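# Structural description and commentary
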Amino acid sequence: MHRVAPATDTPVRQESLRAHNLSLTFRQIVGAPAPISRIELAVATGLTRPTITRIVDELLAGGLIVEAGPARSGNSGRPRVGLSLAPTGPAGLGLDIRVDALSACVVDLTGTVRHLAFAPRPPAAADTLARLADMGRAAMAAAAAEKLTVVGTTLAAPGPVENAGVVRFAPVLGWRDVDAAAALRHALGEVMVDNDAGLAALGELYASAPALRNFVCVSGEFDIGAGIVLEGALLRGARGWSGSLGHVAVTADGPVCACGATGCLQHYAGLQQILAPAAPAAAPAPAVAIDILASSGDRDTLAALDRAGTALGVALSALINIIDVDTVLLGGSYSLLASWLTEGVERELNRRVLTASWAPVSVRPAPLGPDAAVIGAALSAIDRVRQDPNSWLARA
């Protein structure tokens, strides 16, 4: 059967049409690679020039755009005035939990990072949210000093998240069914919570060239996660839980995982598992410790890195055979270890991906690396204004 839209008797009111046209015009400015003129906006949107003039005036008055000098033009004569996003006004706040640290980030409407701060992760998991609240308040104050108003906050959490606030399972933190959004709400206002791997992929998508539209960003801060981007959009899944690559089985048997299964990728490519042969005690910065040991030629560490690269390649091959992407980004702490992991991952991809002989998969370190999740979290918060500026204008 063909799926059809349900019939509706609700008319499109003038106010709804105005809001739609304003959002449409604003998204053209957001997506323009250079300052765009009013005439170009009229052509791109199909709206009349008087309508574009009214919308542009409203966006200027609301502090969302600025006149940024001449727009691109191939014609001689008087240059057209270009419009671009304002560097002041609304901003997004991102928070992230790492193996060895907590981080807070503010990005403005242009996507520029305006504040990035770190603090040691408390040894007691119960203190983590309190410390994040303090960092969030400090980030908001720093934003206000630069004439920025934080309009949304997103926490990157290491585990599956439900209802944009409840972290279902984060074994390293000892969390099960923790309502992180509620715990932060008193200090920071409304907070969204999302999976860190997906947010890292979102951050890398914004930071990369437009040609990168289909990729997997795999990172291993706590559990190994894979953020999947298809045709320039983050693949979330039915409940937003996609990307738990660390719990893909890479052997028929193996150690029992915290999830209850056996043979999970996590036990072969997790940072603590790579480090364990050389340093059984948990290291506060495992990726740095691994890199130092590998650079010094430690045999146990080099062997563990080879096993990790092979296991990652096996798991990623199965994923790529299903979703068909052309690039693997080694993100998070894996970006620091890319020189040790890439060969093993490429070897397995070339062996196991069906199309590899005529369309090899590129494997490379992710540009943002360990900062990707917190930047992606901040971008996801400001992206709500980018998609629909009407709420900001009403507030302004």
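Structural notes, computed from the coordinates. Predicted, not measured: the structure shown is a model, and the values here were computed from it. (Residues numbered from 1 in each chain as written. Predicted model: local features only at pLDDT ≥ 70, side-chain atom pairs only at ≥ 80, totals over all residues. Heavy atoms only, no water.)

### Focus: the overall build of the chain
- Counting secondary structure elements, the chain contains 13 helices and 15 strands.
- Taking 2.2 N^0.38 as the reference for a compact globule, 396 residues should give roughly 21 Å; the C-alpha atoms of the chain span a radius of gyration of 23 Å, in line with that estimate.
- Judged by the C-alpha coordinates and their principal axes, the chain covers about 70 × 50 × 50 Å.
- Classification of the 396 residues of the chain by burial places 47% in the buried group. (Helix = DSSP H or I, 4+ residues; strand = E, 2+ residues; numbered from the N terminus. Rg over C-alpha atoms; globule rule 2.2 N^0.38 Å. Buried < 20%, exposed > 50% of the residue type's maximum accessible area, 1.4 Å probe, protein only.)

### Section: the pattern of salt bridges
- Taken as a whole, this structure holds 17 salt bridges when the rule is applied.
- The salt bridge partner of Asp-108 is Arg-114, with a shortest N-O separation of 2.8 Å.
- According to the relative accessible area criterion, Asp-108 is buried, its value standing at 2%.
- Salt bridges sharing partners connect three or more residues here, namely Asp-306, Arg-347, Glu-348, Arg-351 and Arg-352. (Salt bridge = Lys/Arg side-chain N within 4 Å of Asp/Glu carboxyl O.)

### What about the environment of Ser-23?
- Within the secondary structure, Ser-23 sits in helix α1 (residues 14-31).
- When its relative accessible area of 7% is taken as the criterion, Ser-23 is described as buried.
- In sequence terms Ser-23 and Ile-274 are 251 residues apart; their C-alpha atoms lie 48 Å from each other.
- Excluding residues within four positions of it along the chain, Ser-23 makes contact with Gln-387, Asp-388, Pro-389 and Asn-390. (Contact = heavy atoms within 4.5 Å.)

### Some remarks on the layout of surface pockets
- What the largest pocket holds in volume is close to 640 Å³.
- Along the walls of the largest pocket sit 26 residues, with Val-30, Gly-31, Ala-32, Tyr-206 and Arg-386 positioned nearest its centre.
- Looking at the lining of the largest pocket, the elements that each hand over two or more residues are α1, β2 (81-85), α6 (196-207) and α12 (372-387).
- When residues in the lining of the largest pocket are grouped by element, the largest group, 4 residues, is from α1. (1 Å grid on protein atoms, 1.4 Å probe; cavity = no way out; pocket = protein on both sides within 12 Å on 5 of 7 lines; lining within 4 Å. Points joined across faces, edges and corners; volume = space filled by probe spheres on them.)

### Here's the deal with a nonpolar patch on the surface
- Taken together, the side chains of Val-113, Leu-116 and Phe-118 make up a nonpolar region of the molecular surface, amounting to roughly 230 Å² of accessible area.
- For Val-113, the position within the fold is in strand β5 (residues 113-120). (Patch = residues over 30% accessible without salt bridge, like charges linked within 9 Å, V, L, I, M, F, W, Y side chains within 5 Å. Areas by Shrake-Rupley, 256 points an atom, 1.4 Å probe, with all protein chains shown as cover.)

### Re the sheet that holds strand β13 (residues 233-234)
- Read across the sheet, 5 strands follow the order β13-β12-β11-β14-β15 without closing on themselves; strand pairing throughout is mixed. In this open sheet, the two edge strands, each paired with only one partner strand, are β13 and β15 (362-365).
- Here strand β11 (residues 215-219) runs beside strand β14 (residues 327-330); their pairing, made up of 4 bridges, is parallel. Its bridge partner lying in β14, Phe-215 is registered against Thr-327.
- Running over the sheet, α6 touches β11, β12 (225-230), β13 and β14 and is turned about 45° from β12. (Pairing = 2+ DSSP bridges. Axes fitted to C-alpha atoms, helices over the stretch in contact; angles between N-to-C directions.)

### Considering helix α11 (residues 338-352)
- Between its first and last C-alpha, α11 extends 20 Å over 15 residues, near the 21 Å set by a 1.5 Å rise per residue.
- Here α11 has its buried residues at Ala-338, Leu-341, Thr-342, Gly-344, Val-345, Glu-348 and Leu-349.
- Of the surrounding secondary structure, the elements contacted by the buried residues of α11 are α10 (299-323), β14 and β15. (Expected span 1.5 Å × (residues − 1).)

### Side note on the packing of α6 against α12
- The interhelical angle for the contact between α6 and α12, taken along N-to-C directions, is 75°, at an axis separation of 7 Å. One way to sum up the angle between α6 and α12 is to call them roughly perpendicular. Between α6 and α12, the contacting residues are Asp-196, Leu-199, Ala-200, Leu-202, Gly-203, Glu-204 and Tyr-206 on the first element and Ala-372, Ala-373, Gly-376, Ala-377, Leu-379, Ser-380, Asp-383 and Arg-386 on the second.
- In terms of residue class, the contact of α6 with α12 is made up of 8 nonpolar, 3 polar and 4 charged. (Parallel < 35°, antiparallel > 145°, perpendicular 65-115°, else oblique. Nonpolar A, V, L, I, M, F, W, Y, C, P; charged D, E, K, R; others polar.)

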